[in-house]
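An overview of the molecular structure
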Amino acid sequence: MSEDTHPPAVQHMAQHVLNQLQEHRSRCPSNSRPTPLFVGVQGPQGSGKTFLTSRLRAHLSSPPHALAVTVLSIDDLYLPHSGLQNLAESHPHNILFQGRGQPGTHDVPLGTSVLKNLKKINEVGAGTVEIPFFDKSLYNGKGDRVSHGETVNGPVDVVVLEGWCVGFFPTSKELVEERWKEPAPTLEPDIFDMKTFVSVDHILAVNERLKQYVEWWDALDAFIQVPRS
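Let me sum up the structure you'll find in this document. (Residues numbered from 1 in each chain as written. Predicted model: local features only at pLDDT ≥ 70, side-chain atom pairs only at ≥ 80, totals over all residues. Heavy atoms only, no water.)

Mapped onto the elements of the fold, Asn207 is located in helix H6 (residues 200-210). Look past the residues within four positions of Asn207 in its chain and what remains in contact with it is Pro170, Thr171 and Val176. (Helix = DSSP H or I, 4+ residues; strand = E, 2+ residues; numbered from the N terminus. Contact = heavy atoms within 4.5 Å.)

Here we take up the sheet that holds strand E2 (residues 69-73). The strand order across the open sheet built from four strands is E2-E5-E1-E6, with neighbouring strands paired in parallel fashion. Two strands lie at the open edges of the sheet, namely E2 and strand E6 (222-225), each paired on one side alone. Averaged over neighbouring strand pairs, the angle between their axes works out to 20° when direction is ignored. Direction of pairing for strand E1 (residues 37-42) relative to strand E5 (residues 158-163): parallel, over a ladder of six bridges. Note on E5: the bridge partner recorded for Val41 is Glu162. The sheet contacts of helix H2 (residues 49-61) involve E1, E2 and E5, and relative to E2 the element is tilted by about 165°. (Pairing = 2+ DSSP bridges. Axes fitted to C-alpha atoms, helices over the stretch in contact; angles between N-to-C directions.)

The next point concerns H6. Burial in H6 covers these residues: His202, Leu204, Val206, Asn207 and Leu210. Structurally, H6 contributes buried residues whose contacts are with helix H5 (173-180) and helix H7 (214-217). (Buried < 20%, exposed > 50% of the residue type's maximum accessible area, 1.4 Å probe, protein only.)

On to the packing of helix H1 (residues 8-26) against H2, then. Packing of H1 against H2 brings their axes to within 9 Å, and their N-to-C directions diverge by 60°. The angle between the axes of H1 and H2 places the two elements in the oblique class. Once H1 is placed against H2, the crossing between them reads as right-handed. On H2, the residues touching Ala9, Val10, Met13, Ala14, Val17 and Leu18 of H1 are Leu52, Arg55, Leu56, His59 and Leu60. Within the contact of H1 with H2, the residues separate by chemical class into nine nonpolar, one polar and one charged. (Parallel < 35°, antiparallel > 145°, perpendicular 65-115°, else oblique. Left-handed = near helix turned anticlockwise from the far one by under 90°. Nonpolar A, V, L, I, M, F, W, Y, C, P; charged D, E, K, R; others polar.)

We now examine the pattern of salt bridges. For the structure shown, the criterion picks out eight salt bridges. Linking Asp157 and Arg25 is a salt bridge whose minimum nitrogen-to-oxygen distance equals 2.7 Å. Of this pair, Asp157 sits in the loop between strand E4 (144-152) and E5 while Arg25 sits in helix H1; the two residues are 132 residues apart in sequence, bridging distant segments of the chain. Judged by relative accessible area, which is 11%, Asp157 ranks as buried. As a salt-bridge pair, Asp221 and Lys119 come within 4.0 Å of each other at their nearest N and O atoms. In this pair, Asp221 sits in the loop between H7 and E6 while Lys119 sits in helix H4 (residues 108-119), placing the two residues 102 residues apart along the sequence. On the accessibility criterion, Asp221 (31% relative accessible area) is partly exposed. Among the ionic contacts, a cluster of salt bridges with common partners joins Arg25, Arg33 and Asp157. (Salt bridge = Lys/Arg side-chain N within 4 Å of Asp/Glu carboxyl O.)

Right under this line is the structure:
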């Protein structure tokens, strides 16, 4: 696929990644193979981040760049069906934990293990890394993790971690409570009032779970935010 067949946003993303990759490699010792460049891609649902990420991978993998690119979606790091059920049952009154999507519904230790193994994949004798796959069609759309994911062999030049909450950090209880009192600027209270089914304690529970995700974000070397158009 030629460069001019990719959307302008993909070309813009690719140039940013290439610039960051050059800087990343310049900081690595000359006597060893550089670790992959880890790039976070964040965007709200419906922003096209998954589509753009797939096109970014195709663009960077093709000549003249010919880079080895691995994509890891946080959607594939959800807890297995049994774990999601246990989470929902242990928080029966928190609608944010009734199903997948929110921070707290992912298998953080699994994600940490995959990221650490990808970070070391260019080392001698590193072996392969298994990328998890979550099939959203199972259990009537509730989904479950399946065993047949992608197997990645080194060397790898770029690892992309994409998801709607990539890079989200927990904030203070005081700030959450302060923001809770403010009206959402893009929502009409007469049409949709979130406070009728979500409490500030529910938000605080998700905020608490975000603390576990910081070790994922610490692995990132570069970041791209995709706005909703």
